[in-house]
Amino acid sequence: RQGVDKFIICRGWLGECFDAHRETLGEGVTFVDCPRFSSTGMLETMRLAAEHLDPGGFYMVYGDILFRPSVAQKLRESEAGLSVVVHGAAPGVQSKGFPEVEAVTTSGMGPSRLVRRIGKGRRIKQEEMAGEFSGMLKVDATARDVVDEALARLWLQGGSGTGDAAAS
C-alpha cells in the first residue's frame, strides 16, 4: 500500500514468529535479525537495516504501532526531505508516561515547523514537548545523503547510537 514495494523487517524479541508468515507477507520482504535488541535502541536497528536499503528514499516504521492509512498517505505526500510523524494529543498521557516516551521538540509553525530533538531522556522538559514520536518517518532521495552522514556520525561516536561501543 501507499506505493511501497520493499520491506525490511528488523526482528528482535520473538522475531522468529515472522518465519511462519513469510509466504503471506509477499514479495519484497527481507528479514534482518537484531541480536542485541534488548540492550540497544532504534539507531542500532537502523544500522543493521541500512545495509539492505536501496539507493534513494525510504520509510521507517516501528513494527508495533497501528496507524490509519490516512497517516501513511500524509507521510507519503509530504514534500519535505525528512518527515516525522508526531502524535501531539496530550503527549505521554495516553501511553507509558512522560519518562518513557520518545519526546519531540520543534520550532516554527505549520508546514515549515522543524523537529529539534527526539528521544527519551534527551533533556526535554514535559512542558517543551510538541508531541511524541509516532515511530514513522520518511527520508526522500534529496535528504538521503544528509541522513546517512548523520547516522554514520552517531554510530561512530556512540557505537550503536546508544552510547555503548559497537559490537565487533
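Residues numbered from 1 in each chain as written. Predicted model: local features only at pLDDT ≥ 70, side-chain atom pairs only at ≥ 80, totals over all residues. Heavy atoms only, no water.

Caption draft 1: Main features of the nonpolar core. Counting 13 residues, the largest nonpolar core has Phe133, Leu137, Val139 and Leu151 as its most contacted members. Of all the secondary-structure elements, those providing two or more residues to this core are helix 2 (42-50), strand 3 (58-61), strand 7 (131-139) and helix 4 (144-158). Beyond its immediate chain neighbours, meaning those up to four positions away, Leu137 contacts Phe58, Tyr59, Met60, Leu75, Leu82, Ser83 and Val84. (Core = buried A, V, L, I, M, F, W, Y, C linked by side-chain atoms within 4.5 Å. Buried < 20%, exposed > 50% of the residue type's maximum accessible area, 1.4 Å probe, protein only. Helix = DSSP H or I, 4+ residues; strand = E, 2+ residues; numbered from the N terminus. Contact = heavy atoms within 4.5 Å.)

Caption draft 2: The pairing of strand 6 (residues 114-119), seen in detail. Note that strand 5 (residues 103-107) and strand 6 share five bridges and pair antiparallel. Directly across from Ser107, in strand 6, lies its bridge partner Leu114. Counting the residues in the hairpin turn of strand 5 and strand 6 gives six residues, including Gly108, whose phi is positive at 85°. (Pairing = 2+ DSSP bridges.)

Caption draft 3: A look at the packing of aromatic side chains. Tallied over the full model, the rule gives one aromatic pair. Seen in terms of ring centroids, Phe18 and Phe31 are 5.8 Å apart; in terms of plane orientation they differ by 50°. Their pairing is tilted. Pair noted here: Phe18 is in the loop between strand 1 (7-11) and helix 1 (22-25) and Phe31 is in strand 2 (residues 29-33), with a separation of 13 residues, a long-range link. (Phe/Tyr/Trp six-rings, centres within 6.5 Å; stacked < 30°, edge-to-face > 60°.)

Caption draft 4: Expanded view of the environment of Val147. Tracing the backbone through its elements, the reader meets Val147 in helix 4. We classify Val147 as buried; its relative accessible area is 13%. Excluding its chain neighbours within four sequence positions, the residues that come into contact with Val147 are Leu82 and Val139.

Caption draft 5: Structural context of the side chain of Thr105. Along the chain, Thr105 turns up in strand 5. Overall, the relative accessible area of 13% leaves Thr105 in the buried class. When residues no more than four places from it in sequence are discounted, the contact partners of Thr105 are Leu114, Val115, Arg116, Arg117, Ile124, Glu128 and Ala130.

Caption draft 6: Summary view of a nonpolar patch on the surface. Judged by side-chain polarity, Trp13, Leu14 and Phe37 come together as a nonpolar surface patch covering roughly 350 Å² of accessible area. Positionally, Leu14 belongs in the loop between strand 1 and helix 1. (Patch = residues over 30% accessible without salt bridge, like charges linked within 9 Å, V, L, I, M, F, W, Y side chains within 5 Å. Areas by Shrake-Rupley, 256 points an atom, 1.4 Å probe, with all protein chains shown as cover. Salt bridge = Lys/Arg side-chain N within 4 Å of Asp/Glu carboxyl O.)

None of this, on its own, says anything about what the molecule does.
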